[in-house]
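# Commentary on secondary and tertiary structure
These are the residues of each chain, in order.
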Amino acid sequence: MIAALVLAATPTPTGTASATPKVDADLVTPGLAGFVMLFALAVAVYFLGRSMARRIRRVNHRARLEEQERAAAAAPSAPTAPSEGRDRPAQD
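First things first, this report covers the structure right here in the doc. Predicted model only: the values in this text are computed from it and were never measured.

## So, the overall build of the chain
- A tally of regular secondary structure across the chain gives two helices and zero strands.
- Within the span of the chain, comprising 92 residues, buried residues form 0% of the whole.
- A total accessible area of about 9300 Å² is found for the chain, and carbon and sulfur atoms account for 65% of it.

## Thoughts on the pattern of salt bridges
- Summed over all chains, the structure comprises two salt bridges.
- In this structure, the salt-bridge partner of E66 is R70, at a minimum N-O distance of 3.7 Å. With a gap of four residues between them, E66 and R70 both fall in helix α2 (residues 31–74), about one helical turn apart.
- On the basis of relative accessible area, E66 is assigned to the partly exposed category, the value being 42%.
- Between E67 and R70 there is a salt bridge; the shortest N-O distance is 3.2 Å.

## Observations regarding a positive patch on the surface
- Together, R50, R54, R55, R57, R58 and R62 make up a positively charged patch on the protein surface.
- The topology assignment puts R54 in helix α2.

## A word on the packing of aromatic side chains
- In total, this model carries two aromatic pairs according to the counting rule given.
- Residues F35 and F39 carry aromatic rings whose centres are separated by 6.2 Å and whose planes lie at 25 degrees to one another, so their mutual orientation is stacked. Placement of both F35 and F39 in helix α2 is noted, with a separation of four residues, approximately one turn of the helix.
- Using a relative accessible area of 53% as the deciding quantity, one classes F35 as exposed.

Calculation criteria
Residues numbered from 1 in each chain as written. Predicted model: local features only at pLDDT ≥ 70, side-chain atom pairs only at ≥ 80, totals over all residues. Heavy atoms only, no water. Helix = DSSP H or I, 4+ residues; strand = E, 2+ residues; numbered from the N terminus. Buried < 20%, exposed > 50% of the residue type's maximum accessible area, 1.4 Å probe, protein only. Areas by Shrake-Rupley, 256 points an atom, 1.4 Å probe, with all protein chains shown as cover. Salt bridge = Lys/Arg side-chain N within 4 Å of Asp/Glu carboxyl O. Patch = residues over 30% accessible without salt bridge, like charges linked within 9 Å, V, L, I, M, F, W, Y side chains within 5 Å. Lys, Arg positive; Asp, Glu negative; His and termini not counted. Charge placed at Lys NZ, Arg CZ, Asp CG, Glu CD. Phe/Tyr/Trp six-rings, centres within 6.5 Å; stacked < 30°, edge-to-face > 60°.

Encoded structure:
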């Protein structure tokens, strides 16, 4: 009984099928707004990629410097003997 009342209260669509124009899906394009949004996304991706590459380079450079510092700290510091001829004045 309740289902019959709900169905009776539901409005039926009025109008004809010719009132809504048929749209060909092959002819519909995103237009200028779609182009602008796509271009904006491409520009954003470009700048994000540049930023990411810069940050990766910076991290790699810091890691290389830290590795060199660790290697220098781990290596025993041996006194270097002066080489022959460098500490003597030039003779005429």
